[in-house]
Amino acid sequence: MIQLWMIIGYLALLLGLGFAASRFFRGTATDYMLASHTIGPVLLLMSLFGTTMTAFALVGSTGAAYRAGIGVYGELASASGIVHSLCFFVIGLPLWAVGRRHGYTTQIQFFRDRLQSDLLGLLLFPILVLLVVSYLLVGIVGGGAVVNSITAGAFESSGWFATAGHGVPSWLASAVICGVVLLYVFFGGMRGTAWANAFQTAVFMVLGLVTFVTIANALGGTDRFLENLQIATQAAESSHLTMTKMPRAVFFSFLFIPLSVAMFPHVFQHWLTARSAQSFKLPIIMHPVFIMIVWMPCVLLGVWATGESSGVPAALDGMGPEKFNKVLPTLVKLHAGEVLGGLLSAGILAAIMSSLDSQFLCLGTMFTEDVVRHYGGRERYSDAQVVRLARYFVVGMVALTYLLSLMLPGSVFTLGLWSFSGFTGLVPLVFAAVYWRRLTAAGAVASVITTVGCWTALFIRSFIRSDIKPYTFPEQPFPVAGIVSIPKMLPVVTIFAAAAAALVVVSLLTPRPDQKTLGKFFSS
Amino acid sequence: MKPAVLIFVGLLLILHQDYWQWENDQLIFGAFPYALVYHMGISLAAAVSWLLATRFWWPEHLDRSSDAERERGAS
């Protein structure tokens, strides 16, 4: 019960932070959506990092390491350290510059202007919204699972929630998490989101390390920390201590997943909050180190959990794929005291909510900027009306996403992979828009349609071939001209390659873009 | 984008695909699996590479344009 009260206390604290941020609100739409471009290097580092670390990073990574071993760190953490910073440097910086110069708030404004195509904006809006919603689901499902696992047994004496193990049911926990994040985004806008992200990032990094030390000591049971680490590691399944559970080609294809950050609408919005180009330096340098600080403990915890002495295999015995979401909370529940367990659950929730807030806000921003103001006219609505419309749209989308989450019991890790694969398919578009003068509107449209087509076909196919885990494409090694064989890889590689090919081929087959437009975006 | 940045990133990505030590079951200090320590090294090497990139290959023109923009805003 103590854990439940601590979670409630933490959620109340966040609400307070959101209301405090709302006192600095300047009343303009730019302030609500971009914090008036006032975010410096430290806050940008914390908010960008908090935004990219989700339930996927904490709950998902521990569950994935429980399933596939230590290779999960290389698969995503070290790969993200290289690729995320590359995206900030190569895509984020130029987009920030062009966004400040031309007053963009969303990616679609940039693409419409760069390619002089309203159709492209119309096509991208529903796709980006759907992909953000699928990403939101990762946080909402993960958050509900964590709270349910941590609070299991809290209501045993009253007899409440028997079907949810006498803990707070996932559906109720998810609803409360959505409600709290919604409220501080509603009132605090981007400033509240950046403050809350920075605070929550600090919380989950510190508490993540505390969890690691606490559980290591509990599993080892001696007074010496190194000895405890040795006992915990040596008790784990030996196959989980090498990379052998990781097919090499699948490991390679995971390099494409972190590319998705270049097309996250909420990350674009955070880029635009930067006060100056210099603000980007700290996030670019420190992002790989921060990832290491969060992922290393989570992956080791997942590996330790495979040992019978951790108690996790017995506790999760007989469960379906949702058991992977419960590895971290089960470890915490079994091996941390009640007070620490409560604090640690708050840390896990912090990581989850620090992504949800930016995603909520970007949905409202996209709706008002790309639909309402674009089609209704920029002068027609006052700033107050725009902010109000953004808030209403966010409430509607969150309600819809929440309802979807109730029908979706899948693994957070798999869900995240599909969402990221869709965003990665759009990366050739943003890269070409920044660097390739020959890109045409037709090439861009063809690339987006190819991404959607490939993603949908492979997603549906993954249900048909439910025997292949994780789903790969090609499903079997594919011989080419009897010389080489294309190995089994994640679908993201096919989506990315097809989208890039469509973009290049159609651009080269269609007339060159207008020189006047190119002059706006490229120096001579 | 400067070619040196691409060379650094390319090198890191090659080192990242460490197929030659796939079955290495060595434990560093008896507690940390070798593959994990190797990839933590990649994370740190990435941070150092980005430090060099921002120090020596930074697009200075972006700083100048944002300074100009601030001045315009102030006037």
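Numbers given to residues run from 1 along each chain, matching the order in which its sequence is written. The lettering of chains begins at A and the numbering of ligands begins at 1, in the order of writing. The predicted nature of this model means local features are confined to residues of pLDDT at least 70 and side-chain atom pairs, given and counted, to a pLDDT of 80 or more, with totals for whole chains, interfaces and linings taken over all residues. Neither water nor hydrogens contribute to the side-chain values; these are computed over all heavy atoms in the structure.

1. What about the overall build of chain B?
Regarding its fold elements, chain B presents 3 helices and 2 strands. Strands are runs of DSSP state E lasting at least 2 residues, helices are runs of H or I lasting at least 4, and numbering of each runs from the N terminus. Its helices and strands taken in sequence order, chain B reads α-β-β-α-α from the N to the C terminus. Each residue is assigned to one of three classes by its accessible area relative to the maximum for its type, calculated with a 1.4 Å probe on protein chains only: buried under 20%, partly exposed between the two thresholds, exposed over 50%. A buried classification covers 41% of the 75 residues belonging to chain B. Counting only contacts in chain B whose residues sit at least 6 apart along the sequence, the fraction spanning at least 24 positions is 53%. Residue contacts follow a heavy-atom distance rule, with two residues in contact if any of their heavy atoms lie within 4.5 Å.

2. Notes on a nonpolar patch on the surface
Residue and element names in this part refer to chain A. On the surface, a cluster of nonpolar side chains totalling about 620 Å² of accessible area is made up of Trp171, Leu400, Leu403, Leu404, Leu406 and Met407. Here the nonpolar patch gets 4 residues from one element, more than from any other, and that element is helix 16 (residues 383-406). Structurally, Met407 is set in the loop between helix 16 and helix 17 (412-425). For Met407, a relative accessible area of 62% translates into the label exposed. Within this analysis, patches are made of residues with over 30% relative accessible area and no salt bridge. Like charges are joined at 9 Å or less; nonpolar side chains (Val, Leu, Ile, Met, Phe, Trp, Tyr) at 5 Å or less. Computed with a 1.4 Å probe, the accessible areas rest on the Shrake-Rupley method; for each residue, only the protein chains presented here act as cover. Counted as salt bridges are all cases of a side-chain nitrogen of Lys or Arg within 4 Å of a carboxyl oxygen of Asp or Glu.

3. Considerations on the interface of chain A and chain B
Taken together, the 43 residues of chain A in the interface contact 40 residues of chain B. For any pair of parts, buried area is found by adding up, for both, the accessible area (1.4 Å probe) each one loses once the two are put together. Carbon and sulfur atoms supply 76% of the area that chain A and chain B bury against each other, a total of about 4,000 Å² over both sides. Area buried by chain A at its contact with chain B is led by Ile82(A), Phe89(A) and Arg248(A), which between them contribute 17% of it. One can count 0 salt bridges joining chain A with chain B.

4. Section: the packing of aromatic side chains
Between rings of Phe, Tyr and Trp, where Trp is taken as its six-membered ring, a pair exists when centres lie within 6.5 Å; planes separated by under 30 degrees are stacked, by over 60 edge-to-face, and by other angles tilted. Counted by the stated rule, this structure contains 33 aromatic pairs over all chains. Ring geometry for Phe431(A) against Tyr435(A): centres 5.0 Å apart, planes inclined by 35°, an arrangement best described as tilted. Within this pair, Phe431(A) and its partner Tyr435(A) are both found in helix 18 (residues 427-435), separated by 4 residues, close to a single helical turn. Looking at Phe431(A), the relative accessible area reads 39%, which means it is partly exposed. Judged by its relative accessible area of 32%, Tyr435(A) is partly exposed. With a centroid separation of 5.1 Å and an interplanar angle of 90°, the aromatic rings of Phe459(A) and Phe463(A) are classed as edge-to-face. Highlighted residues: Phe459(A) and Phe463(A), both in helix 19 (residues 441-464), separated by 4 residues, approximately one helical turn. Grouping aromatic residues by their ring pairs yields a cluster made of Trp418(A), Trp455(A), Phe459(A), Phe463(A) and Tyr471(A). Above the ring of Phe324(A), the side-chain terminus of Arg67(A) is found at 5.9 Å from the ring centroid. In this scheme, the term charge over a ring applies when either NZ of a lysine or CZ of an arginine sits within 6 Å of the ring centre and within 35 degrees of the ring normal. For the cation-ring pair, Arg55(B) lies above Phe56(B), with the distance from its terminal atom to the ring centre recorded as 5.5 Å.

5. Observations regarding helix 12 (residues 281-304) of chain A
Residue and element names in this part refer to chain A. Taking 1.5 Å as the rise per residue, helix 12 with 24 residues should run 34 Å; its terminal C-alpha atoms sit 36 Å apart, in good agreement. Roughly 45° is the biggest bend found in helix 12, and it falls at His287, with proline Pro288 one to four residues downstream. Taking burial as the measure, the 24 residues of helix 12 include 20 buried ones, the bulk of the element. In this analysis, the expected span of each helix is defined as 1.5 Å times one less than the number of residues it contains. What we call the bend at a residue is the angle made by axes fitted to the seven residues finishing there and the seven residues starting there.

6. What about the packing of helix 3 (residues 41-52) of chain A against helix 11 (residues 265-272) of chain A?
The description of two packed helices rests on the angle between their axes and on the distance between the axes. Residue and element names in this part refer to chain A. Taken N-terminus to C-terminus, the directions of helix 3 and helix 11 make an angle of 180°; their axes are 10 Å apart at the nearest point. Classified by the interaxial angle, the pair formed by helix 3 and helix 11 is roughly antiparallel. On helix 11, the residues that touch Leu44, Ser47, Leu48, Thr51 and Thr52 of helix 3 are His266, Val267, His270 and Trp271. Residue polarity follows a fixed list, in which Ala, Val, Leu, Ile, Met, Phe, Trp, Tyr, Cys and Pro are nonpolar, Asp, Glu, Lys and Arg are charged, and the others, Gly among them, are polar. By residue class, the composition of the contact of helix 3 with helix 11 is 4 nonpolar, 5 polar and no charged. Each axis is a line fitted through C-alpha atoms, taken for helices only over the stretch in contact, and angles between the N-to-C directions span 0 to 180 degrees. Just so you know how the angles are binned, under 35 degrees is roughly parallel, over 145 roughly antiparallel, 65 to 115 roughly perpendicular, and the rest oblique.

7. Digging into the environment of Thr201(A)
Residue and element names in this part refer to chain A. Residue position: Thr201 is located in helix 8 (residues 170-220). The contact partners of Thr201, leaving out residues within four places of it in the chain, are Met46, Phe49 and Gly50. N or O atoms closer than or at 3.5 Å make up a polar contact, with two conditions inside protein: a donor-capable atom paired with an acceptor-capable one, and, for residues adjacent in sequence, both atoms drawn from side chains. Reaching out from Thr201, the side chain makes a polar contact with the backbone oxygen of Met46 at a distance of 3.1 Å. A polar contact of 2.6 Å, which involves the side chain of Thr201, links it to the backbone oxygen of Asn197.

8. Points about unusual backbone geometry
Omega for the bond connecting Phe473(A) with Pro474(A) falls within 30 degrees of zero, at 0°, which places this linkage in the cis form. In this structure, Phe161(A) takes a positive phi of about 50° despite not being glycine. Tracing the backbone through its elements, the reader meets Phe161(A) in the loop between helix 7 (118-151) and helix 8. Residue Phe161(A) is classed as partly exposed on the basis of its relative accessible area of 28%. With phi around 55°, Phe29(B) is a residue other than glycine that occupies positive phi space. If you trace the backbone, Phe29(B) turns up in the loop between strand 1 (27-28) and strand 2 (32-33).

9. With respect to helix 16 of chain A
With 24 residues, helix 16 of chain A should reach 34 Å at 1.5 Å per residue; the first-to-last C-alpha distance of 35 Å fits that figure. Inspection of helix 16 of chain A places Val386(A), Val387(A), Ala390(A), Arg391(A), Phe393(A), Val394(A), Met397(A), Val398(A), Thr401(A), Tyr402(A) and Ser405(A) among the buried residues, and these make up the whole buried set.

10. Some thoughts on the pattern of salt bridges
Residue and element names in this part refer to chain A. Scanning the entire structure with this criterion turns up 7 salt bridges over all chains. Across the pair Glu369 and Arg373 runs a salt bridge, and its minimum N-O distance is 3.0 Å. Of the two residues, Glu369 and Arg373 are both situated in helix 15 (residues 338-376); the distance of 4 residues between them amounts to about one turn of the helix. The pair Glu369 / Arg373 is uniform in exposure class, with both members buried. Note that Glu475 is salt-bridged to Arg461, the shortest N-O span being 2.7 Å. Linking Glu475 in the loop between helix 19 and strand 1 (478-480) with Arg461 in helix 19, this pair joins segments that are 14 residues apart in sequence. Note on Glu475: relative accessible area 13%, which makes it buried. A single salt-bridge network, built from bridges that share partners, covers Glu369, Arg373 and Asp383.

By themselves these figures say nothing about function.
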